Amino acid sequence: MSDTITVTGVVGTDPHQHVTGDGLVITSFRVASTRRFFDRAKGEWADGETNWYGVSAFRQLARNASLSIRKGERVIVQGRLRQRAWETATKSGTSVEIEADAIGHDLAWCVSTYARVQAPRPEAAEHDGAAEPGAEAEEGESGGAPGADGATDWSLLEASLAGGGDDGASALDGVAAAGHD
């Protein structure tokens, strides 16, 4: 089955990023989505069953998700739904996975800061003194602030968030605020 789906829910596991032998970046995590409904008999809101989805993102989306998403945050995930049967020596079951095309924070529950990212310059351009268009703004590379085109080098953003934990949001806010000065 390969249907498009949009899910809102809570990130249930910290995102795990890995790189394949071919250099493909993959980030995966799980999302719990629980339906809320009004129970007329009790006169109050109640939780329905929780659906769990494995989420996989690839390439730049994978990089950005691993820098932006943390366990416990509310997100919206849009992508292709996949159901896969699995079996071990003692158990069998079906896993439901989403191959993500888009991932973002659910702004009904939080505020988020936008920081545009760009790929680092190729090594050849660094060694021969040639620069890519828009690379003349060294401010974006040395201070973590966006360059002349408004983009932030994702490797600097990743380095600023390397401390992890709850400081990641404040580091991202600092990078975004530097672009508004």
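Now for a description of the structure that goes with this document. These figures come from a predicted structure and were not determined experimentally. Sequence order as written defines the numbering, with residues in each chain counted from 1. Residue-level local features of this predicted model are given only where pLDDT is at least 70; pairs of side-chain atoms are given and counted only at 80 or more, and the full residue set underlies all totals for whole chains, interfaces and linings. Hydrogens and water are ignored here; the side-chain numbers use all heavy atoms of the structure.

**Examining the pairing of strand E3 (residues 25-39)**
If a strand is regular, its side chains alternate between the two faces of the sheet.
Line of reasoning, step 1. As paired strands, strand E1 (residues 3-11) and E3 are joined by two bridges and run antiparallel to one another. Bridge pairing in E3 links Val 10 to Ala 32.
Line of reasoning, step 2. In this description, strands pair whenever DSSP reports at least two bridges between them. For the purposes of this entry, the term helix denotes a DSSP run of H or I that reaches at least four residues, the term strand denotes a run of E that reaches at least two, and both are numbered from the N terminus. As defined by bridge partners, strand E2 (residues 16-19) adjoins E3 across four bridges and the pair is classed as antiparallel. Looking at E3, one finds that Val 19 is bridged to Val 25.
Line of reasoning, step 3. Counting the residues between successive antiparallel strands, the hairpin from E2 to E3 contains five residues, one of them, Gly 23, with a positive phi of roughly 90 degrees.
Line of reasoning, step 4. Direction of pairing for E3 relative to strand E4 (residues 44-58): antiparallel, over a ladder of 13 bridges. Looking at E4, one finds that Phe 29 is bridged to Val 55.
Line of reasoning, step 5. Here E3 folds back onto E4 in antiparallel fashion, the turn holding four residues, of which Gly 43 has a positive phi close to 70 degrees.

**Re the environment of Val 10**
Line of reasoning, step 1. You can see Val 10 is positioned in strand E1.
Line of reasoning, step 2. With 95 residues separating them along the chain, Val 10 and His 105 place their C-alpha atoms 9.8 Å apart.
Line of reasoning, step 3. By definition, residues are in contact when any of their heavy atoms lie within 4.5 Å. Other than its neighbours up to four places away in sequence, Val 10 contacts Arg 30, Val 31, Ala 32, Gly 72, Glu 73 and Arg 74.

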